[in-house]
Amino acid sequence: MDGPSETEPLLRPPQVTNDNPVGGHSSVQDQSDNNNFDNVPNAKKQIGLASAVMLIFNRVIGTGVFAAPSVILRSSGSVGMTFIMWILGALVASAGTAVYVEFGTGLPKSGGEKTYMEYIYRRPRFMITCFYAIYVLLIGWLSATSIVFGEYTLNALEIQPTTVNVRVAGFLCSTFCLAAHGAFLNYGLKLQNILGFFKLFVLLIIAVSGLFSLVGVPGFAVRDEYDIPHNFRWSSFWEGSNIGPNAFVTGMYNVIWSYIGYSNANYALSEVRDPVRTIRRAAPLAMILVAISYLFVNIAYFAVVSKQDMLGGGTIAAYGSFIMKTYIHAEANSFRALFFRNIFGPAAERILSTVVALSILGNLMSVLFTQGRVVQELGREGVLPLSSFFASNKPFNAPLSGLFTQWLVSMIIMAAAPPGDAYLFIVNYSSYPLTMFNMLISGGLLLLYTPAFKSYEWCPPFRAWKSVVIFFFLSNVFLAVVPMIPPSPGSDVYEHLPYWSHVAVALSIGILGIAYWFVFFDWIPRKRGYHIVQATVLQDDGVSRNVLRKIPNRSDDEGRA
């Protein structure tokens, strides 16, 4: 449902005239609600419709499209139930997209969940920002995906993977992404777009090849030496369906995580040209491409690979938002390799590893691009130590400091985490906060619709249906609760750790952020007799940021008089 105007944001830019981020301030104002639309020069708005679409598409499509189908099949038990789960997952993703588009059109500035939670949860002042910041700084978003990149790259080069060389390859890849986005912004964005379109082209080839094989086009038939699939016969389409609650929950959990990433453009909206119009088009278009890709690639896989071969493929394990393939160098039985082998022969398997590695590279670039800007937005808020460093665009007119922070944390986690429980724990721990944030913003959006929040005057250009918001909220409640349910026998998450350990640590990290807020923004100010306000200033590049000012309480002033 639409609001007043397609291109008019809910909020206006702050009126800031000071062009010196260190010297005198135009005003000292209490901006505790921080409800101002960004003040970013047009020269920094380099993201158009295509780039915004690829930011989302690259983020969602990493390794999941190549690994998830067999994982879902194992849970669903049949081809038919697999497609039902993928369709249900698309509905959840479309609901999430609508929620983020509503927030993006009402608050068209970078930061994503940070911006939206600050708008909704204004009291206690600064607490929600500190709560969010601790997660951003302690989660290495690149670590797990960098290792997967290393595995596929070494496979493409026919090099035996080890713990060391896989991490070296991942380190080199992440460092390349840092250099591309931190020092060569325009070229990095173009390369990111190219990788996205390449990924889309590859998925189109897979889909068309599978459809051609299904309808019997010469040259695309499954080779005689391999099993001929009959997955689309009605008698076999539903054969083996597992409708038990545990299997369904497990399958849906993995499907929903396969669609995660629809919020990716929201993290960088300050750099999007005409952000209100663009996000309304880019997010739905990207997710339509994702849903179609998942649907037709699944059709292609099942048209070429028999159900028995797919279930008997390489070792696949699903953990949180990352669908990880346990790589065995000599193993050639994964269903992705089977697809190419069955049509094009064994030589195509090596090409597949190259394709997947490039797909992961696009994913890494899109994640670093946006998460680096989230760090920058936290720096612009002023609540972190060294905020001016994190907020800086020097020296290459790009948020190198924010990008470097994400890169550094990710590389430390990647190098320190050994294989096994410790590594899987980090992967799971990094995904759980996303569920908490989605719960908070969707639940908060429902609050904005209530009379109690009428003073907020929430009336963005785009409004999601209330039923859609409720559906998205409940889906995230589902994602939050499932990891707390004891797994079925033989499906343990960890070998030695409790199945709920990553949930406990993720919640503890949030408590640490609240403790940081309590000490520095509540207890110490009360003890020393001052309160904190924010002053809006401009950096040398013309972008505004906040600095914190300590204002003595009135009672203290009167006592001194």
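Let us look at the structure shown here.

Calculation notes
Residues numbered from 1 in each chain as written. Predicted model: local features only at pLDDT ≥ 70, side-chain atom pairs only at ≥ 80, totals over all residues. Heavy atoms only, no water. Pairing = 2+ DSSP bridges. Helix = DSSP H or I, 4+ residues; strand = E, 2+ residues; numbered from the N terminus. Salt bridge = Lys/Arg side-chain N within 4 Å of Asp/Glu carboxyl O. Buried < 20%, exposed > 50% of the residue type's maximum accessible area, 1.4 Å probe, protein only. Phe/Tyr/Trp six-rings, centres within 6.5 Å; stacked < 30°, edge-to-face > 60°. Lys NZ or Arg CZ within 6 Å of the ring centre and 35° of its normal. Axes fitted to C-alpha atoms, helices over the stretch in contact; angles between N-to-C directions. Parallel < 35°, antiparallel > 145°, perpendicular 65-115°, else oblique. Contact = heavy atoms within 4.5 Å. Nonpolar A, V, L, I, M, F, W, Y, C, P; charged D, E, K, R; others polar.

Another point: the pairing of strand E4 (residues 544-552). The sheet contact formed by strand E3 (residues 530-538) and E4 spans nine bridges and is antiparallel. Residue pairing in the sheet places leucine 538 in a bridge with serine 544 of E4. Where E3 folds back onto E4 in an antiparallel hairpin, the turn is made up of five residues, including glycine 542, whose phi is positive at roughly 90 degrees.

Across all of its chains, the model carries eight salt bridges by this definition. With a closest N to O distance of 3.0 Å, lysine 114 and glutamate 118 form a salt bridge. Here glutamate 118 and lysine 114 lie together in helix H4 (residues 113-120), a separation of four residues that amounts to about one turn. A residue is classified by how much of its surface remains accessible, and lysine 114, at 1% relative accessible area, is buried. Here lysine 114 and glutamate 381 are joined by a salt bridge, their closest N and O atoms 3.1 Å apart. Of this pair, lysine 114 sits in helix H4 while glutamate 381 is found in helix H14 (residues 348-381), placing the two residues 267 residues apart along the sequence.

A separate point is the packing of aromatic side chains. All told, the structure shown has 31 aromatic pairs when counted by the stated rule. Both rings, one in tyrosine 516 and one in phenylalanine 520, keep their centres 5.0 Å apart while their planes meet at 45 degrees; by these two values the pair is tilted. Residue tyrosine 516 and its partner phenylalanine 520 are located together in helix H19 (residues 501-528), separated by four residues, close to a single helical turn. Put simply, the rings of Tyr100, Phe103, Tyr116, Tyr119, Tyr262, Phe453, Tyr456, Trp458 and Phe472 pair up and form one aromatic cluster. Between the NZ or CZ atom of arginine 122 and the centre of the ring of tyrosine 119, over which it lies, the distance is 4.7 Å.

Right, let's get into the packing of helix H3 (residues 79-106) against helix H11 (residues 275-304). Viewed as axis vectors pointing N to C, H3 and H11 meet at an angle of 170 degrees, and their least axial separation amounts to 9 Å. In this view, H3 runs roughly antiparallel relative to H11, as classed from their interaxial angle. Residues Val79, Thr82, Phe83, Trp86, Ala90, Ala93, Thr97, Val101, Gly104 and Thr105 of H3 form the contact with H11, whose participating residues are Val276, Ile279, Arg280, Ala283, Pro284, Met287, Ala291, Tyr294, Leu295, Asn298, Ile299 and Phe302. A per-class count over the contact of H3 with H11 returns 16 nonpolar, five polar and one charged.

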